[in-house]
Amino acid sequence: MGLRWSEVQILSPRPFFIVCTDHRQWGAPIPGKKIAFSSTVAPLGFIMSRLDSMIRREAQKTCLESAIGRVATFPGPYLELGLGNGRTFDHLRQTAPDRDIFVFERKPAAHLDCTPDPEFLIEGDFTETLRPALELIKSKAVLAHCDIGTGIKVADEELAREISRDLDALLAVGAVILSDQPFKKTNWRPLSLPRNVDSGRYFMYAKTA
Ligand code: SAM
């Protein structure tokens, strides 16, 4: 069917149902707009309430700070996958002002204040930009924050699977990976989340080899 979010409108803030054949074309759903429903498919994702979204941001901030603490004594840059509106990039640079932070984003659209300098912004699809990035980054990274979800579970998990090897190649042993998506990588050991973060809300790993 090959629907794109730009061709779809969402009617309800509840679980949404849609048949898509090309997830690379999917963007974020637009609440308040109509959506094409199909009774033959399972829900592909959920649109968050404002409260959920606030709790998610709190969890994200707590996990970011925990990860920064864990790698405080390790030398190396940070990686941010998904600039979005630059909120977490801004938090990272304020919390760890001495780190180089390389940001990967296919379509940078953050306010200029929250956009990295051009030498730290790697533009393009993760599936194409991660592999050659070591040449630019030079030293292996000690923290990677992957905020890459669209809310479409199957597509988000596939993207995580697709990029995990190239991302791994950019990371030092001991690096912490935190993400809104689960990763299944045998040399990434799952870390316990900070106490006030519910399991499944965010994911943290340490690279062991
Ligand atoms: N952490 C950001 C913030 O606090 O503002 C939000 C990130 S937003 C949830 C996800 C971002 O990842 C979007 O800007 C999107 O364009 C980008 N993205 C998603 N998939 C991508 C891909 N395959 N390659 C490059 N960028 C991608």
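What this report covers is the structure whose coordinates are included nearby. This structure is a prediction, so every number in the text was calculated from the model and none was measured.

### Things to note about the overall build of the protein
A count of helical and extended segments in the protein gives five helices and seven strands. For the protein, the α and β elements follow one another from N to C terminus as α-β-α-β-β-α-α-β-α-β-β-β. In the protein, which comprises 209 residues, the proportion classed as buried is 29%. Expressed as a percentage of contacts within the protein between residues at least 6 apart in sequence, the contacts between residues at least 24 apart total 62%.

### Remarks on the packing of helix α1 (residues 50-70) against helix α2 (residues 87-95)
Axis separation between α1 and α2 bottoms out at 11 Å; the angle between their running directions is 35°. Regarding α1 and α2, the two cross each other, and that crossing is right-handed. Residue-level contacts link Gln60, Lys61, Leu64, Glu65 and Ile68 of α1 to Thr88, His91, Leu92 and Thr95 of α2. Looking at the contact of α1 with α2 residue by residue, the classes come out as three nonpolar, four polar and two charged.

### Regarding the site of the ligand
Neighbouring the ligand are 17 residues, the closest being Gly82, Gly84, Arg87, Arg106 and Asp147. Secondary structure elements with two or more residues in the shell around the ligand: α2 and β2 (101-105). When grouped by side-chain class, the residues that make up the shell around the ligand number five nonpolar, six polar and six charged.

### Some remarks on the sheet that holds strand β1 (residues 78-81)
Read across the sheet, seven strands follow the order β3-β2-β1-β4-β5-β7-β6 without closing on themselves; strand pairing throughout is mixed. Looking at which strands have only one partner, the edges of the open sheet turn out to be β3 (121-123) and β6 (188-190). On average, each strand axis in the sheet is inclined to that of its neighbour by 20°, with strand direction left out of account. Against the sheet, α1 makes contact with β4 (141-146), β5 (171-179) and β7 (203-207), and its axis sits at roughly 170° relative to β5, the strand it touches most.

### As for unusual backbone geometry
The backbone phi angle of Lys138 is positive, close to 70°, even though this residue is not glycine. Checked against the element boundaries, Lys138 lands in the loop between α4 (134-137) and β4. By C-beta crowding, Lys138 is classed as exposed, having 10 other C-beta atoms within 10 Å.

### Focus: the environment of Val173
Positionally, Val173 belongs in strand β5. With sequence-adjacent residues up to four places away left out, Val173 is seen in contact with Lys207, Thr208 and Ala209.

Scoring rules and cut-offs
- Residues numbered from 1 in each chain as written.
- Predicted model: local features only at pLDDT ≥ 70, side-chain atom pairs only at ≥ 80, totals over all residues.
- Helix = DSSP H or I, 4+ residues; strand = E, 2+ residues; numbered from the N terminus.
- Buried ≥ 20, exposed ≤ 12 C-beta atoms within 10 Å, placed from the backbone.
- Contact = placed C-beta atoms within 7 Å.
- Axes fitted to C-alpha atoms, helices over the stretch in contact; angles between N-to-C directions.
- Left-handed = near helix turned anticlockwise from the far one by under 90°.
- Nonpolar A, V, L, I, M, F, W, Y, C, P; charged D, E, K, R; others polar.
- Near = placed C-beta within 6 Å.
- Pairing = 2+ DSSP bridges.

So far we have only geometry, and geometry alone does not tell us how the molecule works.
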